[in-house]
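Chain and residue survey
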Amino acid sequence: MNATLLGAGPLPTQPLIAAAVLRELTNAGPELTALVEIDPSLTASVMAAANAPHLRQARRIASVRQAMVLLGTTAVEAIATSRTAALVMGPDDVGCPPRFWVRSVAAAAACAVLADRLGTNVDEAFTAGMLHDVGDLILFRSDPELHGVVATRMQKGGRTVTEQEKVLFGRNHADVGADQFDRWFLPDRIVRAIRWHHGQPEALTDPLARIVWAGFRLGSHVSDNPLPVGANEVSRPAAVLGAIGLSRENPDAVLADIDRHVNRIVALAGREH
Amino acid sequence: MRIDYAPRQAGTLMTSKQALATLDGMQAGLRSALQDPDSPHAEMLTSLMISNSLLELSKLASARLGLGEFAQAALLTINQCTPIESCILVLNPPGLPVVRATLGMWPDDETTQIQASMPCSVAALYGSDPDNEIGYLGITGAPQTLLAAGLLERTTDHLTSMLSMLIDAEHMRRAAAASRAMELVGGLDDNYEEADLFDIVATIATLPGIVAANLLLEIPRFGGPITVEAGVVPEKRDPEVCETSIDRTGKMTLTVWWDVDANVEEARLPDIFERLRVSIARAEQTARLRAEVETDELTGTGNRRRASRALAQASARARRTGEEYSIFLMDLDRFKAVNDDYGHEIGDEVLRAFSRAMENVIRGYDVAARWGGEEFLIVCPSTGTVGAEAIAGRLLVETTLSCADVLPPDREQTVSIGIAVCQNPEVDPIELIRIADAAMYQAKTTGRNRFVLAEASKKHKGR
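Because the structure is predicted, anything quoted here is derived from the model rather than measured.

Another aspect to go through is the interface of chain A and chain B. If you look at the interface, chain A gives 66 residues, while chain B gives 51 residues. A buried area of about 5,000 Å², summed over both sides, lies between chain A and chain B, and 65% of it is on carbon and sulfur atoms. Of all residues in chain A, H54(A), M89(A) and R260(A) bury the most surface against chain B, accounting for 13% of the area lost on that side. Run the count over chain A and chain B and you get one salt bridge. Put simply, R99(A) and D24(B) hold a salt bridge, and the shortest N to O gap is 3.4 Å. If you look at where chain A meets chain B, you find seven residue pairs in polar contact (both at pLDDT 80 or more). Of all the secondary-structure elements, those providing two or more residues to the side of chain A that touches chain B are α1 (15–27), α4 (64–71), α5 (73–88), α6 (100–118), α7 (122–131) and α15 (251–269) of chain A. In terms of residues, the side of chain A that touches chain B owes the most to one element, α5(A), which gives 12 residues.

Shown next, in the form of structure tokens:
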């Protein structure tokens with residue numbers, strides 16, 4: 001099996017975040033830890049570090065905020081530094097799948113808004129949304145050309161993205177991501193939510209799984225990203241909200257809240273840029 | 001996280017699509033700019049990463065980790081603090097088994113094809129003796145500038161400075177674990193049960209180097225082999241099997257699986273195994289002696305001593321749990337006539353047949369015994385009126401059937417049963433026997449072949 005599929009190498013951080021981390025390192029600014037939360041690779045690394053078995057935590061850590069409290073600022077800075085260095089010192093000629101960061105940010109914002117509406121943990125939902133497509137990143141880095149074939153075939157219609165990936169890679173990105181996070185001892189509810197974000201909503205009993213299922217769909221909607229799901233799947237905002245028991249919510253109000261959240265993230269990432 | 005739903009301010013809020021497009025736009029070209037070979041950041045990042053790595057490794061020293069756990073945690077830390085592809089840490093400290101930890105796909109693994117494209121950097125580690133190499137640290141895929149700045153050498157130096165203390169702690173941890181196992185094995189009770197064996201096997205499975213253990217006991221007393229397992233059996237690793245006989249009839253087999261190339265002496269396994277054999281042999285001998293002392297020679301069932309002990313145990317249990325218990329006092333009907341008519345040999349056969357009838361009827365935790373002459377006693381712990389009546393009813397039938405094998409067809413052997421159900425734990429067992437005796441007398445005087453329940457004064461006619 002390809003080394004990247006086993007999650008051996010460091011996952012690449014986003015250039016904008018790398019630039020911001022460098023700025024914070026140079027100026028010893030207080031924003032460095034905030035940047036961790038809005039980058040999928042840094043989020044994944046910090047979550048893996050916080051759930052490492054040698055820390056012997058009584059319960060698993062489910063959000064970046066909890067992880068940062070547990071690990072402390074110096075450890076989080078060490079992780080941010082090394083992932084930034086991975087980009088700066090290269091040679092990384094692979095990068096990320098097209099619009100990977102944009103859809104991760106949009107999904108995370110949508111998950112946070114939905115969690116707030118449902119009265120569940122917003123931090124966990126944001127983290128799970130940010131991580132939901134890391135499996136896609138791993139597939140892309142294992143074979144960018146094959147990953148491109150999936151996108152091409154998706155445009156022709158027919159199979160869903162998970163079915164296409166299963167045919168071409170042997171596994172779909174939801175399982176690849178979930179298995180990776182399971183190896184890193186992330187909480188089962190996050191692993192489940194990521195594994196089933198392309199599943200059927202009625203089969204999802206876990207609140208976080210339902211939030212991620214809906215969050216990634218609303219995220220695709222607000223970011224104008226083509227939704228990589230089959231023709232029969234639910235994608236209209238009103239139907240998505242109805243499927244997770246929020247049929248009384250005004251879809252436009254929910255989407256407006258997601259817009260506000262995305263604006264804040266973009267402002268943080270692009271500060272002084 | 002709190003979401004602040006501030007009112008929308010005209011002109012300041014973009015749609016997500018616009019905002020994210022801005023994000024994408026800001027990223028354009030930034031990656032190649034950051035990867036500029038003349039980037040001013042490389043030097044700062046290099047120095048930060050090395051110092052971060054050493055600092056985070058230092059934190060592990062006080063985490064009270066076993067040597068194996070430490071090796072894995074050290075690699076995780078290096079992986080978190082530096083952009084490397086894979087790493088390996090091998091330790092071969094004196095007097096301890098080899099520890100080998102890897103992270104990512106180290107080229108030594110099955111995928112040798114990636115070795116050519118992945119240069120490995122390896123440096124040696126030293127213990128307390130600077131001349132003796134005790135292991136090595138290897139990394140692949142580290143940026144050249146990081147290697148040039150001495151990442152590997154500085155990390156191995158740092159690990160070397162921590163190793164002496166860690167190795168001493170590991171020796172102490174292993175000694176303590178083995179002592180715990182010895183203590184547990186030596187303290188095995190004469191009345192040990194399967195649960196006690198599980199505690200011992202679970203402790204053996206946590207001895208340094210051992211990941212799984214399986215104990216197989218083949219002792220007649222248990223009526224079949226007992227297997228107790230603990231730990232997770234590793235794949236593709238042959239087990240080590242220690243086998244011994246407990247005495248002439250029993251056998252004990254301990255199978256262990258090692259996680260590393262540890263040797264048996266390190267875990268003091270032979271000592272523990274021998275101590276376990278001695279403890280079990282002693283317990284079995286005690287059980288055998290007790291059985292001999294408490295067995296009625298003529299019938300093979302328990303004797304009066306066995307009955308007294310069972311009574312005391314049932315009484316103690318009732319005081320502890322508040323449960324009811326029952327005793328049965330039984331006398332074979334017209335037994336003197338059997339002796340007179342057919343002789344003592346047939347009389348003895350009838351006593352043995354009745355003993356078999358009792359053994360057939362009682363449950364595993366009930367005790368049957370010969371009280372004297374043709375009187376017998378059964379003690380039934382945790383048994384109230386309903387249970388006692390059921391047992392007594394079956395015994396009336398079973399007695400006739402069992403004794404029919406040794407008596408002429410025209411002769412039927414019956415039994416009169418007096419039952420005392422103890423509902424008050426404070427009642428003295430001797431008083432309970434007196435009550436059961438009175439009930440039995442009542443059964444005799446009201447026609448025999450029946451049981452009488454002393455507490456409820458219920459009567460039940462037999463067939």
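What follows is about the pattern of salt bridges. Residue and element names in this part refer to chain A. Across all of its chains, the model carries 27 salt bridges over all chains by this definition. In this structure, E124 and R189 form a salt bridge, with 2.8 Å as the shortest nitrogen-oxygen distance. On the criterion of sequence distance, the pair formed by E124 in helix α7 and R189 in helix α12 (residues 188–195) is long-range, its members being 65 residues apart. Judged by its relative accessible area of 10%, E124 falls in the buried class. A relative accessible area of 29% places R189 in the partly exposed class.

The next point concerns the packing of helix α3 (residues 40–50) of chain A against α5(A). All names here are of chain A. Packing of α3 against α5 brings their axes to within 10 Å, and their N-to-C directions diverge by 135°. Of the possible angle classes, the one that applies to α3 and α5 is oblique. For the pair α3 and α5, the crossing hand works out as right-handed. Contacts from S41, L42, S45, V46 and A49 in α3 reach V76, I79, A80 and R83 in α5. Of the residues belonging to the contact of α3 with α5, the class tally is six nonpolar, two polar and one charged.

Moving on, we come to helix α7 (residues 194–205) of chain B. In an α-helix, one turn spans 3.6 residues, which is why side chains three or four residues apart end up on the same side. Residues and elements named next belong to chain B. The first and last C-alpha atoms of α7 sit 16 Å apart over 12 residues, in line with the 16 Å expected at 1.5 Å per residue. The complete set of buried residues in α7 reads L197, I200, V201, T203, I204 and A205. Buried positions along α7 lie against α6 (151–186), β5 (210–218), β6 (226–231), β8 (251–258) and α8 (269–293).

Judged by nonpolar contacts, the single largest core of 133 residues is most densely connected at L114(A), L218(A), I258(A) and L89(B). It is α6(A) that contributes the most residues to this core, 13 residues altogether. Ignoring sequence-local partners within four residues, the contact set of L114(A) consists of I211(A), A214(A), G215(A), L218(A), L241(A), I244(A), L246(A) and V254(A). Within the second largest apolar cluster, 34 residues are counted, among which are V185(B), I210(B), W258(B) and A283(B).

Moving on, we come to the packing of aromatic side chains. Under the counting rule described, the total for this entry stands at two aromatic pairs over all chains. Against the face of W371(B) rests R304(B), its NZ or CZ located 3.9 Å from the ring centre.

Here the focus is the packing of α3(A) against α7(A). All names here are of chain A. Axis separation between α3 and α7 bottoms out at 9 Å; the angle between their running directions is 115°. Here α3 and α7 pass one another in a crossing that is left-handed. Residues P40, T43, A44 and M47 of α3 touch α7, and the partners they reach there are T127, M130 and L131. Split into classes, the residues belonging to the contact of α3 with α7 amount to five nonpolar, two polar and no charged.

All names here are of chain A. Taken as a whole, chain A shows an average pLDDT of 84; of its residues, 88% reach a score of 70 or greater. Here α1 stands out as the least confident element of chain A, with mean pLDDT 77; α7 is the most confident, with 95. Here residues 1–8 is a poorly scored stretch, pLDDT under 50, and it has 20 contacts once near neighbours within four places are set aside; other chains count.

Time to look at unusual backbone geometry. Its identity as a non-glycine residue notwithstanding, F185(A) has a phi of 65°, on the positive side. Within the element layout of this structure, F185(A) appears in the loop between α11 (173–183) and α12. Not every positive phi belongs to a glycine, and R334(B) is a case in point at roughly 50°. If you trace the backbone, R334(B) turns up in the loop between β9 (325–332) and α10 (335–342). You can call R334(B) exposed: its relative accessible area is 55%.

All names here are of chain B. Across the sheet, which stays open at both edges, the four strands sit in the order β6-β5-β8-β7 with antiparallel pairing between neighbours. Two strands close off the open sheet at either side, each with one partner strand: β6 and β7 (240–245). Pairs of neighbouring strands in the sheet enclose a mean axial angle of 10°, with direction left out of account. Together, β5, β6 and β8 form the strand contacts of α7, whose direction differs from that of β6 by roughly 35°. With respect to the sheet, α8 is in contact with β5, β7 and β8, its orientation differing from that of β8 by roughly 155°.

Thresholds applied
Residues numbered from 1 in each chain as written. Chains lettered and ligands numbered in written order. Predicted model: local features only at pLDDT ≥ 70, side-chain atom pairs only at ≥ 80, totals over all residues. Heavy atoms only, no water. Contact = heavy atoms within 4.5 Å. Buried area = accessible area lost by both parts, 1.4 Å probe. Salt bridge = Lys/Arg side-chain N within 4 Å of Asp/Glu carboxyl O. Polar contact = N/O pair within 3.5 Å; in protein donor to acceptor, adjacent residues only side chain to side chain. Helix = DSSP H or I, 4+ residues; strand = E, 2+ residues; numbered from the N terminus. Buried < 20%, exposed > 50% of the residue type's maximum accessible area, 1.4 Å probe, protein only. Axes fitted to C-alpha atoms, helices over the stretch in contact; angles between N-to-C directions. Parallel < 35°, antiparallel > 145°, perpendicular 65-115°, else oblique. Left-handed = near helix turned anticlockwise from the far one by under 90°. Nonpolar A, V, L, I, M, F, W, Y, C, P; charged D, E, K, R; others polar. Expected span 1.5 Å × (residues − 1). Core = buried A, V, L, I, M, F, W, Y, C linked by side-chain atoms within 4.5 Å. Phe/Tyr/Trp six-rings, centres within 6.5 Å; stacked < 30°, edge-to-face > 60°. Lys NZ or Arg CZ within 6 Å of the ring centre and 35° of its normal. pLDDT = per-residue confidence, 0-100. Pairing = 2+ DSSP bridges.

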